[in-house]
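Here's the letter readout for the chains.
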Amino acid sequence: MRNCTKCLKPGEFYKTGSWCIQCRLDYQGTPQAQAKGREYKASELGRAKTNAYNATPKAKAARTKYKRSEAGKASDRAYAQSLKGRLNVWKMSLKRMYNFSIEKYEATLKAQDNRCAICRASTPGVKNTHFHIDHDHRCCPGKKSCGKCIRGLLCGTCNRMLGMAYDNPETTRAATEYLASFQIPKTFQAGLGEALLF
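Being a predicted model, the structure only gives us computed values, none of them experimental.

Trainee: Tell me about the overall build of the chain, residues and numbers included.
Mentor: Along the backbone of the chain there are 11 helices and two strands. Relative to the compact-globule value of 16 Å for 198 residues, the chain shows a C-alpha radius of gyration of 28 Å, a clear excess of over 25%. Along the first, second and third principal axes, the C-alpha set of the chain runs to 100 × 35 × 35 Å. Across the 198 residues that make up the chain, the buried fraction comes to 22%. Of all intrachain contacts in the chain linking residues separated by at least 6 positions in sequence, the fraction that spans at least 24 positions is 38%. The average position of the 36 basic charges and that of the 15 acidic charges among the side chains of the chain differ by 9 Å.

Rendered as structure tokens:
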């Protein structure tokens, strides 16, 4: 039995390397080894090797087996409920539904002074965590958008209002004239946008 070049004692070895198994395991738990491992994984070579391994049938089978296990399901649930998980799900939803990135979303919201583009409400509504993305349905009928026909960001109330009016300017104009024909107290008008958020 050969001696380890680190502890200088006889021991068990992997197929490659001059350190014994115990010394290698002890080293892998140190901050220095973990930092070196992260640096390697972030390198071009490390990413290439990781991607190549992940594409192998062995890696795919291992991932499938883990995801079907109780530990895998629990991990998925915990991730989905975490802040990072919810943010990533929202990012993917923006890309899939609207071909819109979170950077474009934040830039659009900033251009609107962080308010609804119609009623200028500062919150998207009680039941909404984000402002709704409004797009021109003449370009993309349905819920999905090509990304080129995005008109702005709306609160839940204004988004539903346009939907109920089928995006018809004549309908919304008639509604405006109808409301204007009645005397509405100014105090009520001032708080209308915030009061109707639900």
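Now that the structure is up, let's keep going.
Trainee: Quick rundown of helix α6 (residues 83-98)? Include the residues and the values.
Mentor: The end-to-end C-alpha separation of α6 is 22 Å, in line with the 22 Å expected for 16 residues at 1.5 Å each. Three or more residues of α6 are buried, namely G85, W90, L94, M97 and Y98. On its buried side, α6 packs onto α5 (70-81), α7 (102-111), β1 (132-135) and β2 (150-154). One or two steps after α6, the chain reaches N99, where phi turns positive at roughly 50°.

Trainee: Which residues make up helix α8 (residues 156-164), and what values do they have?
Mentor: Of the residues making up α8, those classed as buried are G156, T157, C158 and L162. Elements in contact with the buried residues of α8: β1, β2 and α9 (169-180). Immediately downstream of α8, the backbone of Y166 shows phi near 55°, a positive value.

Trainee: Which residues make up the pattern of salt bridges, and what values do they have?
Mentor: Per the stated rule, a full pass over the model turns up four salt bridges. The closest approach of N and O atoms between D134 and R151, which form a salt bridge, is 2.9 Å. In this pair, D134 is assigned in strand β1 and R151 in strand β2, connecting sequence segments 17 residues apart. Taking the shortest distance from any N to any O, the salt bridge between R138 and D136 comes out at 2.8 Å. Residue classification places R138 among the exposed residues on the basis of a relative accessible area of 75%. A relative accessible area of 15% means that D136 is categorised as buried. In this structure, a network of salt bridges that share partners links the residues D134, R151 and D167.

Trainee: Requested: an account of the layout of surface pockets, with residues and values cited.
Mentor: For the second largest pocket, the calculated volume is near 260 Å³. What lines the second largest pocket is a set of 15 residues, and nearest its centre among them are Y98, I133, H135, H137 and N159. Those elements giving two or more residues to the lining of the second largest pocket turn out to be α6, β1 and α8.

Trainee: Now, about the state of the cysteines: what can you tell me, with residues and values included?
Mentor: Applying the stated criterion across every chain, the model contains zero disulfides. Among the cysteines around C20, which has no disulfide bond, C23 carries the closest sulfur, lying 3.5 Å off. Relative accessible area serves as the criterion here: at 6%, C20 is assigned to the buried category. Not part of a disulfide, C139 finds its nearest cysteine sulfur in C140, a span of 3.7 Å.

Trainee: Requested: an account of the packing of aromatic side chains, with residues and values cited.
Mentor: The geometry of an aromatic ring pair is captured by two quantities: the separation of the ring centres and the angle between the planes. Here the structure, examined in full by the defined rule, presents three aromatic pairs. Between W19 and Y27 the ring centres are 5.6 Å apart and the planes differ by 90°, which places this aromatic pair in the edge-to-face class. Taking relative accessible area as the criterion, Y27 reaches 26% and is therefore assigned partly exposed. Between Y178 and F182, the aromatic rings sit 5.2 Å apart at their centres with planes inclined by 70°, giving edge-to-face as the arrangement. Exposure remark for Y178: the relative accessible area of 52% places this residue in the exposed category. The partly exposed category is assigned to F182, whose relative accessible area is 48%.

Rules behind the numbers
Residues numbered from 1 in each chain as written. Predicted model: local features only at pLDDT ≥ 70, side-chain atom pairs only at ≥ 80, totals over all residues. Heavy atoms only, no water. Helix = DSSP H or I, 4+ residues; strand = E, 2+ residues; numbered from the N terminus. Rg over C-alpha atoms; globule rule 2.2 N^0.38 Å. Buried < 20%, exposed > 50% of the residue type's maximum accessible area, 1.4 Å probe, protein only. Contact = heavy atoms within 4.5 Å. Lys, Arg positive; Asp, Glu negative; His and termini not counted. Charge placed at Lys NZ, Arg CZ, Asp CG, Glu CD. Expected span 1.5 Å × (residues − 1). Salt bridge = Lys/Arg side-chain N within 4 Å of Asp/Glu carboxyl O. 1 Å grid on protein atoms, 1.4 Å probe; cavity = no way out; pocket = protein on both sides within 12 Å on 5 of 7 lines; lining within 4 Å. Points joined across faces, edges and corners; volume = space filled by probe spheres on them. Disulfide = S-S within 2.5 Å. Phe/Tyr/Trp six-rings, centres within 6.5 Å; stacked < 30°, edge-to-face > 60°.

The analysis is restricted to geometry; functional conclusions fall outside its scope.
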